[in-house]
Amino acid sequence: MTRMDEMASWGIVETASRIAAGEVSAEEVARATLARIEASNERLGAFVDVTAGELLEGARAVDQRRARGEAAGKLAGVPLGIKDALCTRGVTTTCGSKVLRHRGEPWRPPYDATAVARLKGEGALLAGKCNMDEFAMGSSTENSAYFPSKNPVDPSRTPGGSSGGSAVAVAGRMTPGALGSDTGGSVRQPAAYTGCVGVKPTHGRVSRFGLVAYASSLDVVGPMASDVRGAARLLDVIAGHDPRDSTSLEAPVPSHEEACGRGVRGLRVGVPEEYFAAGLAPEVAASVREAIGALEAQGAEVRPVQLPHTRHAVATYYVLATAEASSNLSRFDGVRFGLRVEPPGADLASMYGATRNEGFGPEVRRRILLGTYVLSHGYYEAYYLKAQQVRTLIRRDFLEVFSSVDLVATPTAPTAAFRLGEQIDDPLTMYLNDIYTLPASLAGLPALSVPVRPAPAAGATPALPVGLQLIGPALGEPVLFAAAAAVEAAGLR
Amino acid sequence: MSDEELTPEAVARLAKLARLSVPQAELETMARELRKIIGYVKALQEVDTRGVEPTAHVLIPGLPLRPDEAAPGVERGEALAQAARHDGEGFRVPGFVEG
């Protein structure tokens with residue numbers, strides 16, 4: 001193994017520890033990261049912008065602080081990919097869209113998202129901005145205005161989405177961790193498809209300040225990492241109340257990293273039969289059941305539970321998320337930032353219309369129109385209000401279940417990664433990929449995906465990663481990390 | 001109107017509300033796709049929600065308030081810098097007062 005390959009195999013915690021101990025310099029790590037990105041980014045499409053200069057400069061600063069004996073932070077020198085939906089001061093932030101680009105120049109925000117600022121505060125270094133489905137609307141990263149990202153395990157397949165670029169950065173061993181955002185599964189599903197760990201925290205656990213809004217009542221910033229402990233460390237850093245986001249929770253932040261060592265003895269694990277019904281690929285079911293067995297073997301108590309409103313989650317989500325999006329995306333109007341299309345003699349309304357039609361891709365336009373429809377006069381009660389009521393029923397299902405179990409274990413996605421191009425022409429089929437991740441989003445609950453045994457190779461198809469989803473009660477992230485670490489320790493992947 | 005009425009003309013009206021100039025040639029396809037999605041979403045009508053409170057947002061028991069203190073925001077020049085058109089003091093847009 002070359003020194004560079006060795007560095008690429010380190011997780012977040014190991015990278016930080018080795019830099020802190022002086023076994024390797026932050027600059028060496030940064031150079032290895034850039035070499036890995038150089039070698040694979042063109043093929044895999046993880047990053048839409050690589051911030052090489054900033055990364056090297058930051059790494060040298062970390063090394064200098066260390067040389068002076070100054071405290072450097074829990075993530076000092078660790079390079080991270082950041083989803084293009086999160087604001088990064090002075091650096092490309094385009095949400096995978098043409099609408100945030102004008103005359104060839106990307107929008108460069110005058111501020112950092114709070115999650116990004118907190119990572120930097122602990123010494124983490126930005127390696128670049130990660131590709132995504134435009135405005136986080138998609139499950140394959142094919143809706144990016146740049147290029148589709150490709151699954152490192154099999155580049156003819158999708159890495160999932162919408163945080164596909166972040167997943168590829170991690171699974172492709174370019175950076176040991178990344179930030180994504182999860183509205184309906186956009187961190188968990190790509191984590192499952194690529195074989196990394198992805199966490200959707202409780203809604204409000206992490207500030208949304210500086211996250212470009214898609215559906216505010218569902219959007220959550222979430223960590224992705226090559227191992228469970230690395231994801232826990234990222235969450236420890238980014239979690240907590242932020243005066244700039246009044247919906248961020250004021251609850252104290254426990255150590256999620258410490259929780260990784262707790263074990264699962266006596267934990268009650270609920271297995272909802274609704275998540276093992278028709279549509280679930282048998283090889284995914286087998287891997288997930290094996291992992292649940294591993295939890296049981298380590299002392300957890302497994303019992304069946306019911307989440308009867310699960311089957312309404314997709315419809316509920318696509319009403320509520322599109323309604324919120326139709327309102328949130330009205331800010332992209334060509335006035336203050338990004339694209340402006342202004343035909344000669346255009347009035348304001350035609351400037352808006354031309355800018356938005358040119359700037360937004362087909363899926364974004366479709367969801368804006370759908371959201372406008374379900375909010376319009378005569379349909380509000382039938383669709384929007386109805387979906388909000390069903391959302392209550394989905395929440396109640398979970399409240400009921402969590403009165404008798406500590407967490408719920410399910411598959412993260414019904415299949416392993418599908419082929420690029422396979423579902424892009426059929427929006428509804430694409431939406432059904434999210435069937436197992438949407439309920440926790442609608443209920444605002446924490447959930448994570450941890451890799452389990454890959455689906456067996458078959459013919460030309462290599463063994464494809466499979467994710468186990470663990471869902472907890474509100475602010476129950478520590479229990480999820482304890483269980484995920486136990487699954488990881490079972491060595492199934 | 002029912003979703004059967006999600007005609008290309010209805011989509012054109014929605015597009016106007018949403019400030020999207022959807023080209024005439026795309027209205028038919030967009031209408032068909034929206035009808036298919038709405039057809040799926042309609043299954044919600046079968047759920048008994050009598051007496052069920054709607055959920056607009058989870059987990060916020062009373063929005064927290066912060067002290068009302070002035071603090072510096074984004075400086076004007078920086079805020080204007082990336083606008084397609086500005087005059088140094090404000091954003092410039094085409095005329096919008098109907099004569």
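What counts as what
- Residues numbered from 1 in each chain as written.
- Chains lettered and ligands numbered in written order.
- Predicted model: local features only at pLDDT ≥ 70, side-chain atom pairs only at ≥ 80, totals over all residues.
- Heavy atoms only, no water.
- Contact = heavy atoms within 4.5 Å.
- Buried area = accessible area lost by both parts, 1.4 Å probe.
- Salt bridge = Lys/Arg side-chain N within 4 Å of Asp/Glu carboxyl O.
- Polar contact = N/O pair within 3.5 Å; in protein donor to acceptor, adjacent residues only side chain to side chain.
- Helix = DSSP H or I, 4+ residues; strand = E, 2+ residues; numbered from the N terminus.
- Nonpolar A, V, L, I, M, F, W, Y, C, P; charged D, E, K, R; others polar.
- Pairing = 2+ DSSP bridges.
- Axes fitted to C-alpha atoms, helices over the stretch in contact; angles between N-to-C directions.
- Right-handed = clockwise from strand over helix to strand, strands pointing away.
- Phe/Tyr/Trp six-rings, centres within 6.5 Å; stacked < 30°, edge-to-face > 60°.
- Buried < 20%, exposed > 50% of the residue type's maximum accessible area, 1.4 Å probe, protein only.
- Disulfide = S-S within 2.5 Å.
- Core = buried A, V, L, I, M, F, W, Y, C linked by side-chain atoms within 4.5 Å.
- Domains from an automatic or database assignment.

## Here we look at the interface of chain A and chain B
It is common to give the size of an interface as the accessible area lost on bringing the parts into contact. In this complex, chain A contributes 76 residues to the contact, which on the side of chain B involves 55 residues. Carbon and sulfur atoms supply 64% of the area buried between chain A and chain B, which totals about 5,500 Å² over both sides. Three residues stand out in chain A for area buried against chain B, namely Leu369, Tyr373 and Lys386 of chain A, and they jointly supply 12% of the buried area on that side. Of the charged contacts in the structure, one is a salt bridge between aspartate 426 of chain A and lysine 36 of chain B, with a shortest N-O distance of 3.1 Å. The tally of links from chain A across to chain B stands at 22 residue pairs in polar contact (both at pLDDT 80 or more). Elements that contribute at least two residues to the side of chain A that touches chain B include exactly helix 11 (313-328), helix 12 (348-359), helix 13 (362-375), helix 14 (380-401), helix 15 (427-431) and helix 16 (438-443) of chain A. For the side of chain A that touches chain B, the residue count by class is 38 nonpolar, 21 polar and 17 charged.

## Examining the sheet that holds strand 1 (residues 47-50) of chain A
Residues and elements named next belong to chain A. Pairing is mixed across the open sheet formed by 11 strands, whose spatial order is 1-5-2-6-8-7-12-13-11-9-10. In this open sheet, the two strands that pair with only one neighbour each are strand 1 and strand 10 (301-305). Geometrically, the sheet is characterised by an average inter-axis angle of 25° between neighbouring strands, direction not taken into account. Sheet topology places strand 7 (residues 197-200) next to strand 8 (residues 220-225); 2 bridges connect them, and they run antiparallel. Residue glycine 198 lies in a different strand from strand 8, and its bridge partner there is methionine 224. With respect to the sheet, helix 17 (residues 477-489) is in contact with strand 7, strand 11 (407-411), strand 12 (447-451) and strand 13 (467-471), its orientation differing from that of strand 12 by roughly 10°.

## Here's the deal with the pairing of strand 10 of chain A
All names here are of chain A. Pairing geometry for strand 9 (residues 268-272) and strand 10, over 5 bridges, is parallel. Counterpart to valine 269 in the pairing with strand 10 is valine 302. With respect to chirality, the unit in which strand 9 leads through helix 10 (residues 282-297) into the neighbouring parallel strand 10 is right-handed.

## Considerations on the packing of aromatic side chains
Residues and elements named next belong to chain A. A complete count under the given rule lists 16 aromatic pairs over all chains for this structure. Taken together, a centroid distance of 6.5 Å and an interplanar angle of 85° make the contact between phenylalanine 332 and phenylalanine 360 edge-to-face. On the criterion of sequence distance, the pair formed by phenylalanine 332 in the loop between helix 11 and helix 12 and phenylalanine 360 in the loop between helix 12 and helix 13 is long-range, its members being 28 residues apart. Classification of phenylalanine 360 as buried rests on a relative accessible area of 2%. When the centroid spacing of 5.9 Å and the interplanar angle of 45° are considered together, the rings of tyrosine 373 and tyrosine 383 count as tilted. Of the two residues, tyrosine 373 sits in helix 13 while tyrosine 383 sits in helix 14, which places them 10 residues apart along the sequence. The class for tyrosine 373 is buried, based on a relative accessible area of 2%. Given the relative accessible area of 4%, tyrosine 383 is considered buried.

## Overview of the pattern of salt bridges
Summed over the entire model, instances satisfying the criterion amount to 26 salt bridges over all chains. Arginine 3 of chain A is the salt-bridge partner of glutamate 6 of chain A, the closest N and O atoms lying 3.8 Å from each other. Of this pair, glutamate 6 of chain A and arginine 3 of chain A both sit in helix 1 (residues 3-8), 3 residues apart, which is roughly one turn of that helix. The exposure class of glutamate 6 of chain A is partly exposed, given its relative accessible area of 27%. Taken together, the salt bridges that share partners define one network made up of Glu363, Arg366 and Arg367 of chain A together with Glu33 of chain B.

## Some details on the state of the cysteines
Applying the stated criterion across every chain, the model contains 0 disulfides over all chains. No disulfide involves cysteine 130 of chain A; its sulfur sits 11 Å from the nearest other cysteine sulfur, which is in cysteine 196 of chain A.

## Remarks on the nonpolar core
Residues and elements named next belong to chain A. Counting residues in hydrophobic clusters, the biggest one holds 140 residues, and the most contacted among them are Leu119, Phe135, Leu369, Leu468 and Phe481. Tallying contributions element by element places helix 11 first for this core, with 10 residues. Of the residues that make up this core, three or more belong to each of domain 1 (9-307 + 394-489) and domain 2 (315-386). With near-sequence residues (within four places) excluded, leucine 468 lies in contact with Val288, Ala291, Ile292, Ala409, Thr410, Thr412, Leu448, Ser449, Val450, Val452 and Val487. With 24 residues, the next largest nonpolar core counts Ile19, Leu44, Phe47 and Ala76 among its residues.

## Details of the pairing of strand 8 of chain A
Residues and elements named next belong to chain A. By the criterion of burial, strand 8 is predominantly enclosed, with 6 of the 6 residues buried. Both faces of strand 8 are covered, namely the face carrying Val220, Gly222 and Met224 and the face carrying Val221, Pro223 and Ala225. In this structure, strand 6 (residues 177-182) lies alongside strand 8, joined through 6 bridges in antiparallel fashion. The partner of leucine 179 across the bridge, within strand 8, is proline 223.

## Some points on unusual backbone geometry
Residue and element names in this part refer to chain A. Glycine 161 connects to serine 162 through a cis peptide bond whose omega is 10°. Here serine 162 shows up in the loop between strand 5 (125-130) and helix 6 (164-171). Located in the positive-phi region is cysteine 95, a residue other than glycine, with phi close to 55°. Within the secondary structure, cysteine 95 sits in the loop between strand 2 (79-83) and strand 3 (101-102). With a phi close to 45°, arginine 103 is a non-glycine residue in the positive phi region. By the secondary structure assignment, arginine 103 is in the loop between strand 3 and strand 4 (105-106). The exposure class of arginine 103 is exposed, given its relative accessible area of 67%.

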